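The chain contents come next:
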Amino acid sequence: AGVIDLKWTVEYMHWSPDCIESVVIGINGNFPGPTITATAGDLINIELTNHLHTEGVVIHWHGITQKGTPWADGTASISQCAINAGETFVYSFTVEKAGTFFYHGHYGMQRSAECTQTRQEVDLSGVPIRFIGEPQAILINGRGQYACSAAAHFDGKAVCSPKCKPEPLKVEPGKTYRIRLASTTALSSLNFMIQDHKLDVVEADGNYVERFSVDDLDIYSGESYSVLLRTKEDAKGNYWISIGVRGRDSDTPPALTILNYLPTEWEKHPNSAPPVHPKWNNYTHSKSFSNKIKALNAPKLEGYNYKPPPEKQNRRILLLNTQNTIKERIKWTINDISLTLPSTPYLGAIKYSLDKAFDQQSLPDRYSNPDYDIMVPPLNTAAISSSAVYNLPSDVTIDVVLQNANMLKDDHCEIHPWHLHGHDFWVLGYGEGKFIDAEHEGKFNLVDPPLRNTVVVYPYGWTALRFRTDNPGVWAFHCHIEPHLHMGMGVIFAEGIEEIKKMSINKKALVCGLTGEKFMDSYKE
Ligand code: C2O
Ligand code: CU
């Protein structure tokens, strides 16, 4: 295993990702940031300097489990203090295994909001709420078209900035290519397709899956995949690559780029119109895709050891996802609790037993009313905001069942892609309606459930997952839709509290709030 040392500067820059110039957050002058290429077992050190003028920053390494380094998870208020403008912080962690991962800001709405994050935060907590709204454009590798059409670039029209020019995927006939996909969207669920070509799915969230072939693939925020593309032997010309919006009735046009068969010029227009995506609310199509994903069971593959889950859980946590009005504001609530983050990072508060740093109430493993009707807007007015956590002991098996339900608006229930920090989990199954233990646990897939770090819960349905508490730390588990998390849609797992107290935690991660005060006091003494 090697060591990879990187120096990054985070800064504002003028850029035109969708052909309209605005201020975006870049790294070392690049938008999107640099790709890190590493081998399983490598140690990565990233010296990050914040050159944003007044704004803090943190970076989360999505899908990296951070075993032994929970302070490097890059979550403000959870694993560390925000890195202030002008400051430098060094992330240091090991990449456990091969796969496709991505990184992103994890401080307020910074992941989605370029430099309008404060605006979006104020809008979301206003009375009445001003929702952030659908995106104008979808970007592929940081490039998309709003004021321009993809075709305008081919015609060499000067109105389109070269910064938003689509990046073609150049291929040769008769070969197999691996395409790594990740969805980093703030709001939208996506559907990926390549005109007239099949895609063979082989990886999901850094885990091998039993290979299967599809015409198009749904990808939710926080998910990643590898697909194999077999190019045609006798291709003439180019084909469209298209990414459309799913799960929301949106006017956002699909993002387009070109599958370019060399030696054809990439600017040569494909022979027919771009392919048509499945309808946004065709959930049958989406569910059939989800249900095809099975873990690869190949004991002879070197360095690969898929283990099916333990037969039984030690504890099951059933989480009702809905909305509620709290102090006149619309919030997402989980078992009637809307997550608010404290100013002292949980990891430090727990390490140093600073109980005043966050709410100490214990959280419910079930929603309170077993007869709750998930088909109607919530009537319950008992909802509260809280920074309390779920305490999970080490070395046990935890089930989480996500239960979707109608939101405040009649006949509305949305898709939520839930992401767990610090772990992969087995996806045991999906179902319609209400989850009933006795009825549904017998149908869990315990043979080859896929390992993931993000999983979707469909409208009016449930999703069950299982994991082992083998990684002491404080881990967020939340909807990866940025405004949903910001409106409280998440829970915090404090895992292995006794081990955290004994662990060595990088103090530089904790120089704020009550941990910061504690360090100052010990300096005085
Ligand atoms: Cu990629 Cu807490 O998220
Ligand atoms: Cu959500």
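Residues numbered from 1 in each chain as written. Chains lettered and ligands numbered in written order. Predicted model: local features only at pLDDT ≥ 70, side-chain atom pairs only at ≥ 80, totals over all residues.

(A) Broad picture of the overall build of the chain. Broken down by element type, the chain carries eight helices and 28 strands. For a compact globule of 525 residues, the expected C-alpha radius of gyration is about 24 Å, and the chain comes in at 23 Å, within 12% of that figure. Principal axes of the C-alpha set define a box for the chain whose edges measure 70 × 55 × 55 Å. Within the chain, the proportion of its 525 residues that are buried is 44%. In the chain, of all internal contacts separated by at least 6 residues, the share reaching a separation of at least 24 is 77%. (Helix = DSSP H or I, 4+ residues; strand = E, 2+ residues; numbered from the N terminus. Rg over C-alpha atoms; globule rule 2.2 N^0.38 Å. Buried ≥ 20, exposed ≤ 12 C-beta atoms within 10 Å, placed from the backbone. Contact = placed C-beta atoms within 7 Å.)

(B) View of the sheet that holds strand S1 (residues 3–15). Here four strands make up an open sheet; going across it, the order is S2-S1-S3-S5 and the pairing mixed. Whereas interior strands pair on both sides, the edge strands pair on one side only; in this sheet they are strand S2 (22–27) and strand S5 (88–94). Ignoring which end each strand starts from, the neighbouring axes of this sheet average 20° apart. Two elements, strand S3 (residues 43–50) and S5, share seven bridges in a ladder whose sense is antiparallel. When the sheet's bridge partners are listed, Asn45 is paired in S5 with Ser92. (Pairing = 2+ DSSP bridges. Axes fitted to C-alpha atoms, helices over the stretch in contact; angles between N-to-C directions.)

(C) Representation of the UniProt feature "domain: Plastocyanin-like" (unreviewed entry) in the chain in the model. Here, UniProt's "domain: Plastocyanin-like" (unreviewed entry) annotation points to residues 10–112, 125–261 and 380–496. Annotation note: span residues 10–112, helix share 0%, strand share 34%, distance between end C-alpha atoms 15 Å. (UniProt positions renumbered as here; feature names shortened; annotations may be inferred.)

(D) Quick look at the pairing of strand S23 (residues 425–432). As paired strands, S23 and strand S24 (residues 451–452) are joined by two bridges and run antiparallel to one another. Bridging from a neighbouring strand, Trp426 pairs with Leu451 of S24. Relative to strand S26 (residues 461–468), S23 runs antiparallel, the two sharing six bridges. Within the sheet, the bridge partner assigned to Glu432 lies in S26 and is Gly461.

(E) How the structure looks around the environment of Thr118. Looking at the secondary structure, you find Thr118 in helix H1 (residues 117–124). On a C-alpha basis, the gap between Thr118 and Glu55 in space is 10.0 Å, while along the polypeptide they are 63 residues apart.

(F) A look at the sheet that holds strand S7 (residues 169–171). Strands sit in the order S7-S15-S14-S9-S12 across an open sheet of five strands; the sheet is mixed. A single partner strand is all that each edge strand has here, and the edge strands are S7 and strand S12 (216–219). Each strand axis lies, on average, 20° off the axis of its neighbour in the sheet, ignoring direction.

(G) How the structure looks around the nonpolar core. One finds Leu319, Tyr346, Leu465 and Ile492 to be the most contacted residues of the largest nonpolar core, which totals 115 residues. What Ile492 contacts, discounting residues up to four positions off in sequence, is Ile78, Tyr346, Val389, Tyr390, Val474 and Ala476. (Core = buried A, V, L, I, M, F, W, Y, C linked by C-beta atoms within 7 Å.)

(H) Local environment of the environment of Thr100. The residue Thr100 is located in the loop between S5 and strand S6 (102–105) in this model. Spatially, the C-alpha atom of Thr100 lies 8.1 Å from that of Ala204, the residues being 104 residues apart in sequence. Sequence-distant contacts of Thr100, that is, excluding residues within four places in its chain, are made with Arg180, Ala182, Glu203, Gly206, Ser224 and Ser226.

(I) Spotlight on unusual backbone geometry. Cis geometry is adopted by the peptide bond preceding Pro32, which originates at Phe31 and carries an omega value of -10°. Within the secondary structure, Pro32 is located in the loop between S2 and S3. Residue Leu262 is joined to Pro263 through a cis peptide bond whose omega torsion reads 5°. As for its position among the elements, Pro263 is in the loop between strand S15 (255–261) and helix H3 (283–292). The backbone of Asn28 shows a phi angle near 50°, a positive value even though the residue is not glycine. Looking at the element boundaries, Asn28 is found in the loop between S2 and S3.

(J) Local environment of the confidence of the model for the chain. Taken as a whole, the chain shows an average pLDDT of 93; of its residues, 98% reach a score of 70 or greater. Overall fold confidence for the complex sits at a pTM of 0.96, while the interface term, ipTM, reaches 0.98. (pLDDT = per-residue confidence, 0-100.)

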